[in-house]
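So you can see what is in the structure, the chains are spelled out below.
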Amino acid sequence: QKEVEQNSGPLSVPEGAIASLNCTYSDRGSQSFFWYRQYSGKSPELIMFIYSNGDKEDGRFTAQLNKASQYVSLLIRDSQPSDSATYLCAVKKTGTASKLTFGTGTRLQVTL
Amino acid sequence: DVKVTQSSRYLVKRTGEKVFLECVQDMDHENMFWYRQDPGLGLRLIYFSYDVKMKEKGDIPEGYSVSREKKERFSLILESASTNQTSMYLCASSLPFDGDTQYFGPGTRLTVL
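Asker: Describe in detail the interface of chain A and chain B, supporting the description with residues and values.
Answerer: Contacts between chain A and chain B engage 17 residues on the former and 24 residues on the latter. Between chain A and chain B, the buried area comes to about 1,500 Å², and carbon and sulfur atoms account for 55% of it. Interface area lost by chain A to chain B is led by S98(A), K99(A) and F102(A), which between them contribute 34%. The interface formed by chain A and chain B contains one salt bridge. Inspection of the region where chain A meets chain B yields five residue pairs in polar contact (both at pLDDT 80 or more). Elements that contribute at least two residues to the side of chain A that touches chain B include exactly β4 (32-38), β5 (45-50) and β9 (85-92) of chain A. Counting residues per element, the side of chain A that touches chain B draws most heavily on β4(A), which supplies three residues.

Asker: I'd love a proper account of the side chain of Q38(A), names of residues and values included.
Answerer: Along the polypeptide, Q38(A) turns up in strand β4. Of the polar contacts made by the side chain of Q38(A), one reaches the side chain of Q37(B); its length is 2.8 Å. The contact partners of Q38(A), leaving out residues within four places of it in the chain, are S43(A), P44(A), A85(A), T86(A), L88(A), Q37(B) and L90(B).

Conventions we followed
- Each chain carries its own residue numbering, running from 1 in the written order of its sequence.
- All chains are assigned letters beginning with A, and all ligands numbers beginning with 1, in the order in which they are written.
- Restriction of local features to residues with pLDDT of at least 70 applies here, the model being predicted, together with a cutoff of 80 or more for giving and counting side-chain atom pairs; totals for whole chains, interfaces and linings are based on all residues.
- Think of the side-chain values as coming from all heavy atoms in the structure, minus any hydrogens and water.
- Any two residues whose heavy atoms approach within 4.5 Å are treated as being in contact.
- A quick way to say it: buried area is the sum, across both parts, of accessible area lost when two parts are put together, with a 1.4 Å probe.
- Salt bridges are defined as contacts in which a side-chain nitrogen from Lys or Arg sits within 4 Å of a carboxyl oxygen from Asp or Glu.
- Here a polar contact means two N or O atoms within 3.5 Å. Within protein one must be a hydrogen donor candidate and the other an acceptor candidate, and residues neighboring in sequence count only if both atoms are side-chain atoms.
- Helix and strand assignments follow DSSP, with helices taken as H or I runs no shorter than four residues and strands as E runs no shorter than two, numbered in order from the N terminus.

Scope: geometric values only; no functional claims are made or implied.
Spelled out as structure tokens, the structure:
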């Protein structure tokens, strides 16, 4: 079992719809959870992070964390073609200092 | 704004050459990281440094070494480049206790022929 698992996609959603991206992790003691967006040929850029169970909203983005079920998700409302990218989930595991473990990413395609 | 820069965007080297990749950050971050990214394998940590002259092996350190003589600069060294080190190399930095958010440089696409 991978430490951080994501469906590779592509996930295809029409413009204006809600895109839902999911990530599961294996270390129950994981503390911090991050979502990065990566355009093709570019480096990852932080979208948001979440530490506590529940929802955290930032503009069109909402991160949801459920530690009991060991998953974290990212919702993108009113999806735009510019949201087409690969979304990386990253987790700070217990006792790993400042290191993050990354999933392999989900490719999102927003269609016109 | 955090700024992380890398010395080259594209680099082509020959097998057996010694290769230096440099990373500089301007936000006084203690932590710096080197990753490689390959299709289907995601981001894999090569080395990590949490202070000047301090380093820690990541998941795939074989064939690589690092140097951190100054806080803002973290270098990745390929002692004898091989074709299986052809990859995208990404540098990142973070502040401890700042949520451990990592900020990435633009990346260096290295091709070893």
